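# Observations on the model geometry
If you want the building blocks of each chain, they are given just below.
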Amino acid sequence: MAKMWAGRTDGSTDQLADDFNSSIHFDSRMYRQDIRGSMAHAAMLGAQGIIAPAEADALIDGLQGILDDLESGALAFDLSCEDIHMFVEQVLTERLGDVGKKLHTARSRNDQVALDLRMYLRDECATLTALLTELIGTVADQAEAHKAVILPGYTHLQRAQPITFGHHLMAYAMMLLRDVDRLQDTVRRMNQSPIGCCALAGTTYHTDRRMEAARLGFDGICLNSLDGVSDRDFCAELMSTLAILMMHLSRFSEEIILWSSWEFKFIELSDSFTTGSSIMPQKKNPDMAELVRGKTGRVYGDLMALLTTLKGLPLAYNKDMQEDKESVFDACDTVKMCVEVFTGMVRTMTVRADNMKRAAQTGFINATDLADYLVKKGLPFRSAYKVAGQLVARCIADGQVLDTLPLTVYKEYSDLFAEDVYQEIALETCVAKRISEGGTSVESVEAQVKYVREKLAV
Ligand code: ARG
């Protein structure tokens, strides 16, 4: 097919070169943004008297027709076109004749593609924010339902101190809340319009970039034309945000996988979010969590691919930049799927409070509270720590636990021990007394749930 840019050359490129060069098979997904951007451009050209107002109207109507036909399926993408921008302009020219050829006045594909991508990704950020809000709401619901369920908290994957399951879940809600915040921050910098930067140097026409930007919902314009067409920070920033989000989901996945094992049995995933084995009849595998953990590597890879593509590029546009889209689209698609599946998995999981409690009863996770008991009776902390450690060693030697160790034995180690020690080191007390802001007590979990809900209005 004849190239729109045929002129200096006759445009008769090798088929292999065409296939290699073409991006329409992945950039066609930006057709709405491309058409909307072109409508704003035509309106601006008309308003500025660069083309006649009637021509602007004709272009806008023509573009609307293309949009309608693409949406209804009456028009299909022509994969022999180089990219979505060329496709739309070609169809417009076929339909309108010479007027169609005026659309590309005072712009270039370099600012056009930057515009489309910013608009597309800003929409993706809105979708991602909504999906993430749903997930955080679901995590908060589970936290609230299990705000008093006790399990061991771990450090070094060794039982450390008793916590509530609600508290554990809310740790993830806080991380995900920061991810939402990062997304909003990303959009703030992304939402500056590059259109009007043209090929690289701006234009000699009296355009009104700010009018065009405002029409397209941007907060401002890129103030340096070279930067406007060369900048892909907004893609890298979004992918960094997504990489961090996936890191959070991956840690959460790892715990879900551990908790579902026979060794822990803290939760049971719903049949609808697990799979079986083709050979072992007893298996119920946490594939969804494993896939989220696995896809985290893929999203990191997308980020690294773009950063590497960009690092050696001289200003301004280089065709290498066409490689930006597949990585950023893949990252968005992957994360959207992961967040949605994760929400379903968390919503439908069953919490095994009995097994959590059983695990909390061994491992001496109330030893800190035993030391604190002595501190409150006047012993310096370091001495109290030592006594508690000796008592743990004694229990291990005797096959005992602190909760049922006779008072006479306690007294061998310190006169300060009295009958009230048992109440003081009961798991429920350990949790209930952790009232410091952000601690594991039920009230604290309730406050966290409230905070998150208010932040997200869920
Ligand atoms: N398909 C191209 C891309 O995605 C559009 C911009 C092409 N510009 C150019 N000067 N060849 O980057």
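Structure's up top.
For the structure given in this document, a descriptive report is provided here. (Residues numbered from 1 in each chain as written. Predicted model: local features only at pLDDT ≥ 70, side-chain atom pairs only at ≥ 80, totals over all residues. Heavy atoms only, no water.)

Near the ligand, the surroundings consist of Ser 23, Asp 27, Asp 83, His 85, Arg 109, Asn 110, Val 113, Tyr 317, Gln 322 and Lys 325. Taking Ser 23, its side chain carries an N or O atom lying 3.1 Å from a nitrogen atom of the ligand. Within the side chain of Tyr 317, an N or O atom sits 2.4 Å from an oxygen atom of the ligand. Here the ligand, which alone exposes 350 Å², has 86% of that area covered by the protein. Here the shell around the ligand takes three residues from helix α6 (residues 109–145), the largest share from any one element. Classifying every residue of the shell around the ligand by side-chain character gives two nonpolar, four polar and four charged. (Near = heavy atom within 4 Å. Polar contact = N/O pair within 3.5 Å; in protein donor to acceptor, adjacent residues only side chain to side chain. Areas by Shrake-Rupley, 256 points an atom, 1.4 Å probe, with all protein chains shown as cover. Helix = DSSP H or I, 4+ residues; strand = E, 2+ residues; numbered from the N terminus. Nonpolar A, V, L, I, M, F, W, Y, C, P; charged D, E, K, R; others polar.)

With that out of the way, let us pick up the state of the cysteines. Tallied over the full model, the rule gives zero disulfides. Left without a disulfide partner, Cys 198 is nearest to the cysteine sulfur of Cys 197, which lies 7.4 Å away. (Disulfide = S-S within 2.5 Å.)

Here we take up helix α19 (residues 442–456). The end-to-end C-alpha distance of α19, which contains 15 residues, comes to 21 Å, matching closely the 21 Å that a straight helix rising 1.5 Å per residue would cover. For α19, every residue scored as buried is listed here: Ser 444, Val 445, Gln 448, Val 449, Val 452 and Leu 456. When α19 is viewed along its axis, its buried side chains cluster within an angular range of 140 degrees and face the same direction. The exposed set on the far side of α19, more than 90 degrees from its buried face, consists of Lys 450 and Glu 454. (Expected span 1.5 Å × (residues − 1). Buried < 20%, exposed > 50% of the residue type's maximum accessible area, 1.4 Å probe, protein only. Arc of directions from axis to C-beta.)

A few words on the packing of aromatic side chains. All told, the structure shown has twelve aromatic pairs when counted by the stated rule. Each ring, one from Tyr 172 and one from Phe 252, has its centre 4.0 Å from the other, and the planes form 0 degrees; the classification is stacked. Of the two residues, Tyr 172 is situated in helix α7 (residues 165–190) and Phe 252 in helix α10 (residues 233–260); the sequence distance between them amounts to 80 residues. Phe 252 matches Tyr 172 in its accessibility class, with the two residues each being buried. (Phe/Tyr/Trp six-rings, centres within 6.5 Å; stacked < 30°, edge-to-face > 60°.)

Turning to the pattern of salt bridges, a few remarks are in order. Considering all chains together, one arrives at 34 salt bridges under this definition. Close ionic contact of Asp 83 with Arg 109 constitutes a salt bridge, the shortest N to O distance being 2.7 Å. Of this pair, Asp 83 sits in the loop between α4 (53–72) and α5 (84–96) while Arg 109 sits in helix α6, placing them 26 residues apart in sequence. Asp 330 is the salt-bridge partner of Arg 298, the closest N and O atoms lying 2.5 Å from each other. In this pair, Arg 298 is assigned in helix α11 (residues 287–310) and Asp 330 in helix α12 (residues 324–347), connecting sequence segments 32 residues apart. (Salt bridge = Lys/Arg side-chain N within 4 Å of Asp/Glu carboxyl O.)

Pairing analysis gives six bridges linking strand β1 (residues 150–155) to strand β2 (residues 158–164), with the strands arranged antiparallel. Considered in β2, the bridge of Leu 151 is made with Ile 163. From the end of β1 to the start of β2, which pair antiparallel, there are two residues, and His 156 there has a positive phi angle of about 55 degrees. (Pairing = 2+ DSSP bridges.)

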